[in-house]
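A structural walkthrough
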Amino acid sequence: MPALRLTLVGRSYCSLCDKMRDACQAAASRDGVDLGLIVVDLDDHPAREAQYGELVPVLLDGPFDGGIEICHYHFDESAWVAARQRHLAAEAANR
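Scope of this entry: the structure provided in the associated data block. Nothing here was measured: the structure is a model prediction, and the numbers come from that model.

1. Notes on the overall build of the protein chain
- Counting secondary structure elements, the protein chain contains 3 helices and 4 strands.
- When the helices and strands of the protein chain are listed from N to C terminus, the series reads β-α-β-α-β-β-α.
- Taken over the C-alpha trace, the protein chain has a radius of gyration of 13 Å; the compact-globule value for 95 residues is 12 Å, and the two agree within 12%.
- Its C-alpha atoms give the protein chain principal-axis dimensions of about 40 × 25 × 20 Å.
- The burial tally for the protein chain puts 38% of its 95 residues in the buried class.
- A fraction of 68% describes how many contacts in the protein chain between residues 6 or more apart in sequence connect residues 24 or more apart.
- Carbon together with sulfur atoms contributes 54% to the accessible area of the protein chain, which is approximately 5,400 Å² in total.

Written out as structure tokens, the structure is:
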């Protein structure tokens with residue numbers, strides 16, 4: 001089963017963040033992906049407000065520090081597929 005380690009940057013009171021999390025989990029389940037989703041509350045990281053504040057929710061491929069943006073505001077199916085394919089290619093190259 002392919003694995004994706006993603007970070008969702010959001011806020012605890014953000015309904016779009018909840019929808020993004022739910023969409024990620026549904027897509028992972030549908031696609032047979034082992035999803036490791038770390039949820040980061042931007043309110044706990046005020047130094048990053050300028051970077052992410054206007055974009056929440058933001059889905060990152062990788063960790064909060066150094067992750068690559070997959071999408072923001074709403075779940076983007078094509079961006080999800082592209083991220084999944086990058087991970088599949090990386091797994092195949094490491095075999």
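2. What about the packing of helix H1 (residues 15-31) against helix H3 (residues 77-93)?
- Orientation of H1 relative to H3, taken along the N-to-C sense of each, is 55°, at an axis distance of 12 Å. Overall, the two elements H1 and H3 adopt an arrangement that is oblique. The handedness of the crossing between H1 and H3 comes out as right-handed. Packed against H1, whose contacting residues are Cys24, Ala27, Ala28, Arg30 and Asp31, the element H3 presents Glu77, Trp80 and Arg84 at the interface.
- Considered class by class, the residues forming the contact of H1 with H3 number 4 nonpolar, no polar and 4 charged.

3. Examining the sheet that holds strand S3 (residues 58-61)
- In space, the 4 strands of this open sheet follow the order S2-S1-S3-S4, with mixed pairing throughout. On the outer flanks of this sheet lie strand S2 (34-41) and strand S4 (68-72), each paired with one strand and no other. Pairwise comparison of adjacent strand axes, ignoring direction, gives a mean angle of 25° for this sheet.
- Lying on the sheet, H1 is in contact with strand S1 (3-10), S2, S3 and S4; it crosses S2 at an angle near 170°.

4. Describing the pairing of S1
- The buried fraction of S1 is high, at 6 of 8 residues.
- Summarising the sheet, S1 and S2 pair through 8 bridges and their orientation is parallel. Its bridge partner being in S2, Leu6 is matched across the sheet by Leu37.
- A crossover links S1 with its parallel partner S2, the connecting element being H1, and its sense is right-handed.
- Note that S1 and S3 share 4 bridges and pair antiparallel. Across the sheet, the residue bridging to Val9 is Val58, located in S3.

Definitions and cut-offs
Residues numbered from 1 in each chain as written. Predicted model: local features only at pLDDT ≥ 70, side-chain atom pairs only at ≥ 80, totals over all residues. Heavy atoms only, no water. Helix = DSSP H or I, 4+ residues; strand = E, 2+ residues; numbered from the N terminus. Rg over C-alpha atoms; globule rule 2.2 N^0.38 Å. Buried < 20%, exposed > 50% of the residue type's maximum accessible area, 1.4 Å probe, protein only. Contact = heavy atoms within 4.5 Å. Areas by Shrake-Rupley, 256 points an atom, 1.4 Å probe, with all protein chains shown as cover. Axes fitted to C-alpha atoms, helices over the stretch in contact; angles between N-to-C directions. Parallel < 35°, antiparallel > 145°, perpendicular 65-115°, else oblique. Left-handed = near helix turned anticlockwise from the far one by under 90°. Nonpolar A, V, L, I, M, F, W, Y, C, P; charged D, E, K, R; others polar. Pairing = 2+ DSSP bridges. Right-handed = clockwise from strand over helix to strand, strands pointing away.

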